[in-house]
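Spelled out from the first residue to the last, the chains are:
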Amino acid sequence: MPFDTELTRRLGIRVPVVQGGMMHVGYAELASAVSNAGGLGLITALIFPDPEGLRQEIRKCRKLTSRPFGVNITLLPAQIPPNYDAYAQVVVDEGVNIVETAGDSPGPVITKLKKAGIIVLHKCTTIRHAQSAIKHGVDFLSIDGFECGGHVGESDITNFILLSRARQTLTVPFIASGGFADGQGLAAALCLGASGVNMGTRFLCTVESPIHIKIKEQIVRAQETDTTLVMRRWKNTTRLYRNKVAEQAVKIEKESTTGDFSEILPYVSGKRGREVFLNGDPEYGVWTAGQVIGLIHDIPTCKDLVARIEKEAEVTLKEKAALFVPEAKL
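Residues numbered from 1 in each chain as written. Predicted model: local features only at pLDDT ≥ 70, side-chain atom pairs only at ≥ 80, totals over all residues. Heavy atoms only, no water.

Caption draft 1: Structural detail: the overall build of the protein chain. Regarding its fold elements, the protein chain presents 13 helices and 11 strands. The C-alpha atoms of the protein chain give 19 Å as radius of gyration, which agrees with the globular expectation for 330 residues (20 Å, within 12%). Overall, the C-alpha framework of the protein chain stretches about 70 × 45 × 40 Å when taken along its three principal axes. For the protein chain, restricting intrachain contacts to residue pairs at least 6 apart in sequence, the fraction spanning at least 24 positions comes to 61%. If you sum the accessible surface of the protein chain, you get close to 14900 Å²; carbon and sulfur atoms cover 54% of it. Positive and negative side-chain charges in the protein chain, numbering 38 and 36 respectively, have mean positions lying 3 Å apart. (Helix = DSSP H or I, 4+ residues; strand = E, 2+ residues; numbered from the N terminus. Rg over C-alpha atoms; globule rule 2.2 N^0.38 Å. Contact = heavy atoms within 4.5 Å. Areas by Shrake-Rupley, 256 points an atom, 1.4 Å probe, with all protein chains shown as cover. Lys, Arg positive; Asp, Glu negative; His and termini not counted. Charge placed at Lys NZ, Arg CZ, Asp CG, Glu CD.)

Structure follows, in C-alpha cells:
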C-alpha cells in the first residue's frame, strides 16, 4: 500500500525514504536504484571535481531511471572551497527539481535553487539551524540526530528528543535522519511527526552501493558500538567507523599539546577513506558510518530493501493502531 505523506506527495515518490548524500558513494547507479525502488535517490555533487562531472552524472542517472531523483550539495569548511554556485547552476540547467543541502552558510545556494523552483531539503542537527533554514525558504528539513554517520554537530541530541522538538517547533515538514534501517524505524519516525526518513549507512550496504564487498561484509558484522567521534576539539565532530586509524586520530586529538589540526590531518584524509571503499581494507583509512551499523545484517538490493521497509512499516503501524480499543468494546 503506497504511503501518503507530505514527502511522498511533494516529491512524487511511493515510499517516504530518502537516500542520504554520501561522498564516494552517491553515484548515478545507487541513486537510480533507490529511485526505481520507490524512494528518492541522491547524487552527491562534490564527488565530482568539477561541475561538468556532475552534469554528466545527472544525464547518466536520467538514462537509468524515469523516476524522481535529486542532488546533494554539502557546504563544508575548506581552505579552497568548491564553486558551490557553479554546482548549483548545473542542477538548475539540467532541470533537477529536488536538492538536499547541508553544511555551513547555505543561504546563497538555497536562494538560487528556490528562484529556479527547486524543492530543497536542508539537513541540520539542531532546531536553531532548522529555524534559520526556514527563513531561506526550504521546503523540508532533514533532522539529523546524534546517531548519524558523518558530521553530527556539537549538540549531541539524539533523534527521540530532536524529532519531538521538531514536531513541536517547526513550521515546515521534516524528515528523520540518523539511526534508520528498517520499517519499524520508519513507522516510529512517522509517529513522531516526520514525513519520512533519510538513510545513509543502510544504503551503503546494498548490492548497488559502489563500494568493495568486503566493506559491506564488515558493516554486516559490526555492532552499534563500532563507531567513534573525531575532530570534536575543532568543533567539526564526525562519526566514523571505529578502526585503528580512527582510534589513532582520537588519541592524537586528546593528547596533543598544541591543538594543531595538522597533527591529525593525515589520519582523517578523505583520500584514504576513498581507498577503503576501493581496496576493501576497512583498516586502511577512516570512513563514515552511523550507529545504525548495528542494525544492518544483510546486503540486499535497493529494490528488496525498500520493499521490505515499506511492508514492515505498514505492518507495524497496523499492529500499533490495533492496540487502541474503544471503551465500548472493553
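From this point, the discussion proceeds with the structure in view.
Caption draft 2: View of the nonpolar core. If you look at the biggest cluster of nonpolar residues, it comprises 77 residues, and the most contacted ones within it are Leu-54, Leu-141 and Ile-143. Ignoring any residue separated from it by four or fewer positions in sequence, one finds Leu-141 in contact with His-122, Cys-124, Ala-130, Ala-133, Ile-134, Leu-170, Val-172, Pro-173, Phe-174 and Ile-175. Counting 11 residues, the second-largest nonpolar core is a separate cluster that includes Leu-40, Leu-42, Ile-98 and Leu-121. (Core = buried A, V, L, I, M, F, W, Y, C linked by side-chain atoms within 4.5 Å. Buried < 20%, exposed > 50% of the residue type's maximum accessible area, 1.4 Å probe, protein only.)

Caption draft 3: Region of the structure containing the pattern of salt bridges. For the coordinates displayed, the defined rule picks out 18 salt bridges. As a salt-bridge pair, Glu-100 and Lys-123 come within 3.8 Å of each other at their nearest N and O atoms. Highlighted residues: Glu-100 in strand E4 (residues 98–103) and Lys-123 in strand E5 (residues 119–124), separated in sequence by 23 residues. One exposure class covers both Glu-100 and Lys-123, and it is buried. If you follow the salt bridges from partner to partner, you end up with Asp-4, Glu-6, Arg-9, Arg-10, Lys-114 and Asp-139 in one network. (Salt bridge = Lys/Arg side-chain N within 4 Å of Asp/Glu carboxyl O.)

Caption draft 4: Geometry of the pairing of strand E3 (residues 69–75). With 7 of its 7 residues buried, E3 lies for the most part within the structure. Here E3 shows a buried face lined by Phe-69, Val-71, Ile-73 and Leu-75 and a second buried face lined by Gly-70, Asn-72 and Thr-74. Pairing of strand E2 (residues 41–44) with E3, which is carried by 4 bridges, proceeds in the parallel orientation. By the bridge assignment for E3, Leu-42 is matched with Gly-70. Taken together, E2, helix H3 (residues 51–64) and E3 constitute a β-α-β crossover, and its handedness is right-handed. With 5 bridges connecting them, E3 and E4 associate as parallel partners. (Pairing = 2+ DSSP bridges. Right-handed = clockwise from strand over helix to strand, strands pointing away.)

Caption draft 5: The state of the cysteines, seen in detail. Considering all chains together, one arrives at 0 disulfides under this definition. Cysteine Cys-205 is unpaired, with the sulfur of Cys-302 as its nearest cysteine sulfur at 11 Å. (Disulfide = S-S within 2.5 Å.)

Caption draft 6: Quick peek at the sheet that holds strand E10 (residues 227–230). Reading across the sheet, the 3 strands line up as E7-E11-E10 and stay open at both edges, with antiparallel pairing between neighbours. Because the sheet does not close on itself, it has two edges, and the strands there are strand E7 (150–151) and E10. Sheet analysis places E10 next to strand E11 (residues 238–241), joined by 4 bridges and oriented antiparallel. Bridge pairing in E11 links Thr-228 to Leu-240. Helix H11 (residues 244–255) contacts E10 and E11 of the sheet and is inclined by roughly 35 degrees relative to E10. (Axes fitted to C-alpha atoms, helices over the stretch in contact; angles between N-to-C directions.)

Caption draft 7: Spotlight on a nonpolar patch on the surface. Together, Ile-157, Phe-160 and Ile-161 make up an exposed nonpolar region whose accessible area comes to about 310 Å². As for its position among the elements, Phe-160 is in helix H7 (residues 159–169). A residue is classified by how much of its surface remains accessible, and Phe-160, at 63% relative accessible area, is exposed. (Patch = residues over 30% accessible without salt bridge, like charges linked within 9 Å, V, L, I, M, F, W, Y side chains within 5 Å.)

Caption draft 8: Structural view of the side chain of Glu-253. In this structure, Glu-253 sits in helix H11. There is no salt bridge for the buried Glu-253, and the closest opposite charge comes from Arg-233, which lies 6.5 Å off by N-O distance. Not counting residues up to four positions away in its chain, the partners in contact with Glu-253 are Val-230, Met-231, Arg-232, Arg-233, Trp-234 and Ile-264.

Caption draft 9: Layout of H7. Of the residues making up H7, those classed as buried are Asn-159, Leu-162, Leu-163, Ser-164 and Ala-166. Where H7 is buried, its residues touch helix H6 (127–135), strand E6 (140–144) and strand E8 (174–177).

Caption draft 10: Summary view of the sheet that holds strand E9 (residues 197–199). Taken together, the 8 strands give an open sheet; going across it, the order is E1-E9-E8-E6-E5-E4-E3-E2, and neighbouring strands pair in parallel fashion. Looking at which strands have only one partner, the edges of the open sheet turn out to be strand E1 (17–19) and E2. If you compare each strand with its neighbour and ignore which way they point, the axes differ by 30 degrees on average. Of the strands in this sheet, E1, E2 and E3 touch helix H2 (residues 28–36), which is tilted by about 165 degrees from E2. Strands E3 and E4 of the sheet are contacted by helix H4 (residues 84–93), whose axis makes an angle of about 170 degrees with E3.

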